[in-house]
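Residue-level structure breakdown
Take a look at the letters that make up each chain.
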Amino acid sequence: MPQLLPYALPSLLGMLICLGIATQVALRRQGPAWRQLACLGLAVAWWCGTEILWVLLPDADLRRCVAQWQYLGVTPTPVLWLQAVLAYTGRRRWQHGRRAVLLWIIPLATLLLVATNPGHGLVWQAIEPIAGQPTAHIVYGQWYAVHASYSYALVLLATTLIVARFSASPLYRVPMLIVLLGPLAVVGANLAYLLWAERMRLDPTPFGFALAFAALSWSVVRHNLFELVPMARGLAVECLQDGVMVLSADRRVVDLNPAARQLLGLTVGHRLGRPLQELLPGLQSLGPAQPTEVSVGAGGPLLEARITHVTDGEGRVEGSVLMLRDITEARAARERLLQAKEHLAQLNQELERLAHVDALTGLANRRRLMHKLDEEIRHAREQGRPLTVLLADLDHFKQVNDRLGHLVGDRVLALAGRSLAELVRPEDEPARYGGEEFAVLFPGTDLQAAANLAARMQRELRELAHVDDTGARFTVTWSMGLATLDAIDASAQDLLTRADQALYHTKHSGRDGLSLYQTPPPPDAPIRRVL
Ligand SMILES: Nc1nc2c(ncn2[C@@H]2O[C@H](COP(=O)(O)OP(=O)(O)OP(=O)(O)O)[C@@H](O)[C@H]2O)c(=O)[nH]1
């Protein structure tokens, strides 16, 4: 029948495509449903092959026989198609066991009825091939409707699964369309053939299935499409730890994910469509620019709310998406950090103070004294005013320690320090110079005025009543030396050395007194004892 050869060509092409791809799939053995995919290729190839014979064989009986054998490819194709899609969309349990048996009941029944059709005519009652044409007059039996409906249902179900899987992300629209065009074309072609078989002269279904199979296999094998597809966007939002609320333009809650329900303490059956204000009364102003903080009721979590407007193509706000993040713990951690920082600052301040304070007496220590002395010398020179330094040392303090104990000695030093601080003027700087030795800076005070101040201190300090461990009172005397800043002093140490020489003079002239290092020194002796 050479004039019918063109009618056989699509099926021939389809068969070659299916055999080629099925071989590739079987060789690669990749993916969760490579077996179903390979079997699907063989089934469609069989379908196409028998279609070629149907078109080309001249004998009517032989064509009837081929039509019967064709069901071996027709019947399993939709089931294998669905099983492959189920597996690639993550539902592999439909490949084996009871679920798989369920899927195969009708196709197997169809095959049984096809084999025994001459006895009952349930699948077809008559097939009358038209001589010289690829078509036939067919009178279908009652079971054919079951077989056809079931096949359509499976193909449509597989199509729905693919749509559900890919439509969540616009990125996959093109590959999805490619995979979908196949089954849609098959269903369309088959319906058309069933309705207008005689006019169409050719059943396009096997070729359509071959193309659909090629598209599906191309997606699976070449591009790993199903494996690359991420989870659906909707699923991602459902699994987000942050709350997501979809709001209508008038700020009613249209949708919300489980995290949002949990943050707001809402039950699953919560009614949608309520105003946002009702659910989050604390949320006053909310602009897209800045996140806003809001508390969920008393004792509820503290949330950070961020809104993003959803606009249409012309920029009109159609609604908005509200993101809610629980910042209760973060806020508490920040508070704790701030408190710790404040505490640290206080500790640093205390450390700084301790670095300049003598612990026993509470006076400035030697380091602070030296710093202050440098500063006062600079001021004195800049302003041309006097500066006098007093060094005061307890007499025979070693004996206090030796006789009464170190702790009593400590108490003597502490009381002396406190008293010294009370005796000086606000502008003076008292300090513990070291051991049992004290110093006082008298800014803006000349030698004579400082001598008067020191004389008063001498009296007061000598009369201080110290108490030993038995409760007995005793007093201690002081030796003092004064020196005033001289223009020729190169450093603070020069001034201190002269005050020390004056103190030394007092010690060696009977203690319990005050000596002045005079500036400029008189020719006979620079140091004069005045008390
Ligand atoms: N309890 C106590 N004693 C101290 C402290 N610092 C220094 N001393 C004592 O002060 C005494 C100073 O002795 P010396 O240098 O011999 O002076 P002194 O006994 O006062 O004799 P003169 O200065 O010559 O009158 C030593 O026994 C030191 O141990 C202190 O912080 N606490």
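Refer to the structure printed above.
In this text the structure is predicted, and so the values were computed from the model without any measurement.

Focus: the site of the ligand
Neighbouring residues of the ligand: 16 residues in total, closest Phe397, Lys398, Asn401, Asp410 and Arg432. Here lysine 507 contributes a side-chain N or O atom positioned 2.9 Å from an oxygen atom of the ligand. Contact with the protein chains covers 67% of the free accessible surface of the ligand, which is 650 Å². Every element with two or more residues in the shell around the ligand is listed here: β8 (387-394), α17 (397-404) and α18 (406-423). It is α18 that contributes the most residues to the shell around the ligand, four residues altogether. Along the lines of polarity and charge, the residues of the shell around the ligand split into three nonpolar, five polar and eight charged.

As for the pairing of strand β13 (residues 478-484)
Taken residue by residue, a regular strand's side chains alternate between the two faces of the sheet. The buried fraction of β13 amounts to seven of the seven residues, a majority that puts the element mostly inside the structure. Here β13 shows no split at all, with Trp478, Met480, Leu482 and Thr484 on one side and Ser479, Gly481 and Ala483 on the other all buried. Strand direction decides the pairing type here: β8 and β13, joined by seven bridges, are antiparallel. Bridged to leucine 390 within β13 is leucine 482. Taken together, the five bridges between β13 and strand β14 (residues 513-517) define a ladder with parallel strand orientation. When the sheet's bridge partners are listed, leucine 482 is paired in β14 with leucine 516. Note on the crossover from β13 through helix α20 (residues 492-507) to β14: the handedness is left-handed.

Observations concerning α18
Taking 1.5 Å per residue, 18 residues should reach 26 Å; α18 reaches 25 Å between its end C-alpha atoms and fits that length. Within the sequence span of α18, burial applies to Val408, Gly409, Val412, Leu413, Ala414, Ala416, Gly417, Ser419, Leu420 and Leu423.

Cut-offs and rules
- Every chain is numbered independently, its residues counted from 1 as its sequence is written.
- With the structure being a predicted model, the display of local features is reserved for residues of pLDDT at least 70 and the display and counting of side-chain atom pairs for 80 or more, all residues being used for whole-chain, interface and lining totals.
- The side-chain figures draw on all heavy atoms in the structure; neither hydrogens nor water molecules are used.
- Any residue with a non-hydrogen atom lying within 4 Å of a molecule or strand is treated as near it.
- We define a polar contact as two N or O atoms separated by no more than 3.5 Å, with the added condition that, inside protein, one atom must be a possible hydrogen donor and the other a possible acceptor, whereas residues neighbouring each other in sequence contribute only through side-chain atom pairs.
- Accessible surface area values rest on a Shrake-Rupley calculation with a 1.4 Å probe, where residue burial reflects the displayed protein chains alone.
- Secondary structure elements are defined from DSSP: runs of H or I of at least 4 residues count as helices, runs of E of at least 2 residues count as strands, and each element is numbered from the N terminus.
- Classification convention: Asp, Glu, Lys, Arg as charged; Ala, Val, Leu, Ile, Met, Phe, Trp, Tyr, Cys, Pro as nonpolar; all other residues, Gly among them, as polar.
- When accessible area is computed with a 1.4 Å probe and restricted to protein chains, residues below 20% of their type maximum are described as buried, those above 50% as exposed, and intermediate ones as partly exposed.
- Here a strand pair is declared whenever DSSP counts at least two bridges between the two strands.
- Here the term right-handed applies to a crossover when the path leading from its first strand over the helix to its second strand runs clockwise, the strands being oriented away from the viewer.
- Helix span is expected to be 1.5 Å times the residue number reduced by one.

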